[in-house]
Amino acid sequence: MMWAGLVLWCAAHLRPGCTFASAVPNLSGVHQVTGTWMGSTTVPCTYVPWEGFTEHTLSWSLERDSSVSTIFRRDESGDHILPAKFRGRLSVPKNSPGDASLLIENLEMPDSGHYTCQVVWRSADNSLVTRELTTTVKVVKAAATKPIIRAEPGLTLPAGASASLTCEASGSPPISYRWFRSSPAATAQLLSSGAELAWSSLRPSDSGSYFCEAENRAGAGAVQRSDAVQLTVTDPVPTTRVSRMDTAPVGPFTDTGSPRVAPSPLLYGLVAALGGAALGALLAVGLGYWRRRRRKDEPLYEVAFRRTADVALLHTEGEVPAKSLQEEMCSNTAKTTVKDRKSPEYENLMTAMESQYEAEGIYIDLL
């Protein structure tokens, strides 16, 4: 217990002769940082949180031309950026215990100077412990570096695809870019100005060698050229339609590229034949039924013949109304009826004719 109190006392009073000074938090960082004009840089300042010590205040100050000013302060009321020229350009991580690093964005040449990080902790006995760390920041104007080309989605693509080439270089902004296309005559054709060269729909004629250039004002007019890249645009693969006797490809095509297959014309003919046969059978059955009904509903007829020779000449499908025959027989003086014929030959003939008419659905009333 006594040793613990001694450690806290040494940490709180920072006595030079105290051997337990390492028991309090200590700041870590670097001596110098070089930042690029119009770029951003981080001035590191970190420590390891220590049990019994709570961060009380955090501040950053800038010394330039023998003048010191506080540019950032964090306390119980929050974060404060004091000079107006730094507002919107300075920040310190929040909710990151032990990290007090300063981020400076959009560096300007007057930002060069000596930056001091100061952290004050409150110990368990309510005493304050202070640590400071100074880092020199140098802002320089950097010339543009040799650019590199990034291709999306690649350098070998089919016709109709979209593509882009992006030229990237580091250095002090602003950096200007230009795109060129090499020609067989060893001359370069200027295509566009800008970091990106894009195609919405590639054509085979777009195949070729491309490169870009980058420069900025810090490079005193020096132009940096990238390595050339070869863009290859392939022709679209033709789709082959296969025709067979039993299958015929029809559009549209499926997602896998194969055509949808339609039934063969032979199959259509087979279906039509089967349907025609079935329809014919139904019509035949219906017609037979209609004929039987018609014959049953027709009136009965009487048949009379004048002589035996007329019977032999009579057609089985001929039908003569009984009334007409009677009128004809009445007008003829040589009238002869069936009843007058009583010979065996006549009776046999009548029997045969009666059987024939019964088979045809006709009732014969022999006179």
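These numbers come from a predicted model, not from an experiment.

A word on the confidence of the model for the protein
- Overall, the prediction assigns the protein a mean pLDDT of 76, with 62% of residues at 70 or greater.
- Note on residues 1-21: pLDDT is under 50 here. Beyond four places in sequence and across chains, it has 19 contacts.
- This stretch, residues 359-367, has a pLDDT under 50; its non-local contacts, to residues over four places away or in other chains, come to 20 contacts.

Re the nonpolar core
- Ranked by size, the top nonpolar core spans 27 residues in total, and within it Leu27, Trp60, Ile71, Leu102, Tyr115 and Cys117 carry the most contacts.
- Looking at this core, the elements that each hand over two or more residues are β3 (54-64), β4 (67-75), β7 (102-104), β8 (113-122) and β9 (128-140).
- Among all residues touching leucine 102, those that are not within four sequence positions of it are Thr41, Thr42, Val43, Trp60, Ile71, Leu90, Ser91, Val92 and Tyr115.
- Core analysis: the second largest hydrophobic core is formed by 19 residues, Leu157, Trp179, Ala214 and Val229 among them.

Overview of the pattern of salt bridges
- One pass over the structure, following the stated rule, counts eleven salt bridges.
- The shortest N-O distance in the salt bridge between aspartate 79 and lysine 94 comes to 3.9 Å. One end of the pair, aspartate 79, is in strand β5 (residues 78-81); the other, lysine 94, is in the loop between β6 (90-91) and β7, and 15 residues separate them in sequence.
- Overall, aspartate 79 belongs to the partly exposed group, its relative accessible area being 31%.
- Measuring nitrogen to oxygen at the nearest pair gives 3.1 Å for the salt bridge that ties aspartate 227 to lysine 146. On the criterion of sequence distance, the pair formed by aspartate 227 in the loop between β17 (224-225) and β18 (229-234) and lysine 146 in the loop between β9 and β10 (148-152) is long-range, its members being 81 residues apart.

How each quantity is defined
Residues numbered from 1 in each chain as written. Predicted model: local features only at pLDDT ≥ 70, side-chain atom pairs only at ≥ 80, totals over all residues. Heavy atoms only, no water. pLDDT = per-residue confidence, 0-100. Contact = heavy atoms within 4.5 Å. Core = buried A, V, L, I, M, F, W, Y, C linked by side-chain atoms within 4.5 Å. Buried < 20%, exposed > 50% of the residue type's maximum accessible area, 1.4 Å probe, protein only. Helix = DSSP H or I, 4+ residues; strand = E, 2+ residues; numbered from the N terminus. Salt bridge = Lys/Arg side-chain N within 4 Å of Asp/Glu carboxyl O.

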